[in-house]
Amino acid sequence: MPDYIPFNRIFKDEDEKKAISEVLSGDNWHGDGPVGRRVEAYFCEWLNSRHAFLTTSCTHALEMAMMILEIGEGDEVIMPGFTFVSTANAVSMRGGKPIFADIRDDDLTIDTEDIARKITPATRAVIPVHYAGVSADFDEIRRVIDNRAVSIIEDAAQAVGAFWNGQALGTVGDIGCFSFHDTKNITCGEGGALLTQNDDFAEKAEWIREKGTNRTAFLRGEVDKYTWVSLGSSYVPSELLSAVLEVQLRKKDIILEKRKAMWNVYFESLRDIEQNGWITLPVTPPYAQTNYHIFHFIVRDQSDRDPLISAFRNAGIGASFHYIPLHNAPYARKFLDKPIILPKTEYLADSLIRLPLHPGLADRKEEIATRVHDVLTGYYKESG
Ligand SMILES: *Cc1c(COP(=O)(O)O)cnc(C)c1O
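Student: Quick one: what's the story with helix α2 (residues 34–47), residue by residue and with numbers?
Tutor: Taking 1.5 Å as the rise per residue, α2 with 14 residues should run 20 Å; its terminal C-alpha atoms sit 20 Å apart, in good agreement. Turning to α2, its buried residues are V35, G36, V39, E40, F43, C44 and L47.

Structure follows, in structure tokens:
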């Protein structure tokens, strides 16, 4: 029996431990300290962003984004139905209404024609999700928004170090939100960041993140005491986590290289399976420079998907499906006036398989791709 290839594994060595111990031996463990500031400056420089704020998660960065826009009762925010719950929770939490749009059947990002159908005078924002680290189509999103006062908030949770026409994801829209959860390319366990190019938004982000106070301006010596200036909460990560993130960022090139190597070998080795009409391989539009966050493919339908995932697992390959669409979820049914149908979302969610993808696989990429290939050919030979 070959060994089990886990779906994900953190890329780490002793450096993360060293960085944490250094912070532990000092007297500044709370957030917005020297390490956090260095990491924020690093993001600004690397991704050419005017502002970057570390947060306790991408979920929290999305919540902050909705607070910055002052989303409230009666406001609508358009997002794909094929996303993680946090995209929608951030809106619902402020009393706004998530409006679920369909996705494209090639790269699984938001279907801009469906944005056009669903945009109303109540629409305040669109939240594209860069699925798998592949950019949504900003030209088309901007075209359908036209000249309306609708903000673009990027759910770039999966897209750290990916680009749209050479511009970093997270910096293309009005606000971008990153995740450093340990399932993501770069991680500190739980963490996130909010990026913006807008100085007014940055000022609000600074207050909201610090419990609604201007403490950050106080620390910079701009005011002689700090006070309650806005709605806010506690979204600043501890220096301990920022230290881990700083180490991970030093490894970002090697992480990318190893993910890319595995991704490319999967892609090349599965081409003949695609030519047989059994699967559809992932599509990366010309404007998208991916960070290889996910390797997925689409099978004919759920009656192939479920047995195939079992076959992979029996062969020691930790394959997985992905999101259960939000528009059909029990909580969404409570606020949707009537059930909605998102045909492509429903079909794709039922037909998608993700394969293990993490830097630890690069050294065995050929062997792993062969094992994957064998499972697929074995399955389709039997089922036709
Ligand atoms: C991971 C993820 C999130 C949540 O990130 P956290 O840092 O765990 O809060 C939100 N949206 C998408 C699309 C994600 O993949």
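Student: Please give an account of the pairing of strand β4 (residues 123–126) that cites residues and values.
Tutor: Within a regular strand, the side chains alternate between the two sheet faces. Sheet topology places strand β2 (residues 76–80) next to β4; 3 bridges connect them, and they run parallel. Within the sheet, the bridge partner assigned to I78 lies in β4 and is V126. Taken together, β4, helix α6 (residues 138–145) and strand β5 (residues 151–155) constitute a β-α-β crossover, and its handedness is right-handed.

Student: Break down the side chain of T123 for me, with residues and values.
Tutor: Relative to the assigned elements, T123 resides in strand β4. Looking at T123, its side chain comes within polar contact range of the main-chain nitrogen of T120, at 2.8 Å.

Student: Describe the domain arrangement of the protein, listing the residues and the values that go with them.
Tutor: Taken domain by domain, the protein comprises domain 1 (14–250) and domain 2 (252–383). With centres defined by C-alpha atoms, the gap from domain 1 to domain 2 works out at 26 Å. Summing the contributions of domain 1 and of domain 2, the shared interface buries around 3400 Å²; its carbon and sulfur component is 60%. Together, F82, F100 and N185 form the three largest contributors to the area buried by domain 1 at its contact with domain 2, with a combined 19%. In this structure, the connection of domain 1 to domain 2 is made through 2 salt bridges. Of all elements in the fold, only α2, α4 (85–93), β3 (97–101), α5 (112–118), β6 (163–164) and α9 (239–250) reach the threshold of two or more residues within the side of domain 1 that touches domain 2. Element by element, the count of residues in the side of domain 1 that touches domain 2 is highest for β3, at 4 residues.

Student: Give a detailed account of the packing of aromatic side chains, specifying residues and quantitative values.
Tutor: Tallied over the full model, the rule gives 19 aromatic pairs. Ring plane angle 70° and centroid distance 6.1 Å describe the contact between Y131 and Y323, whose orientation is recorded as edge-to-face. Of this pair, Y131 sits in the loop between β4 and α6 while Y323 sits in the loop between α12 (302–314) and α13 (330–335), and the two are 192 residues apart along the sequence. Judged by its relative accessible area of 1%, Y131 is buried. Owing to a relative accessible area of 12%, Y323 belongs among the buried residues under this scheme.

Student: Can you lay out the sheet that holds strand β8 (residues 175–179) for me, pointing to particular residues and giving the numbers?
Tutor: Taken together, 7 strands build an open sheet; the order of strands is β1-β9-β8-β5-β4-β2-β3 and the sheet is mixed. Only two strands of the sheet have a single partner each, and these edge strands are β1 (51–55) and β3. Each neighbouring strand pair of the sheet contributes to a mean axis angle of 25°, computed without reference to strand direction. Examined bridge by bridge, β1 and strand β9 (residues 192–196) share 5 bridges and lie antiparallel to one another. What sits directly across from T55, in β9, is G192. In the packing of α6 onto the sheet, contacts are made with β4 and β5, and the angle to β5 comes to roughly 150°.

Reading guide: rules and limits
Residues numbered from 1 in each chain as written. Predicted model: local features only at pLDDT ≥ 70, side-chain atom pairs only at ≥ 80, totals over all residues. Heavy atoms only, no water. Helix = DSSP H or I, 4+ residues; strand = E, 2+ residues; numbered from the N terminus. Expected span 1.5 Å × (residues − 1). Buried < 20%, exposed > 50% of the residue type's maximum accessible area, 1.4 Å probe, protein only. Pairing = 2+ DSSP bridges. Right-handed = clockwise from strand over helix to strand, strands pointing away. Polar contact = N/O pair within 3.5 Å; in protein donor to acceptor, adjacent residues only side chain to side chain. Domains from an automatic or database assignment. Buried area = accessible area lost by both parts, 1.4 Å probe. Salt bridge = Lys/Arg side-chain N within 4 Å of Asp/Glu carboxyl O. Phe/Tyr/Trp six-rings, centres within 6.5 Å; stacked < 30°, edge-to-face > 60°. Axes fitted to C-alpha atoms, helices over the stretch in contact; angles between N-to-C directions. Contact = heavy atoms within 4.5 Å.

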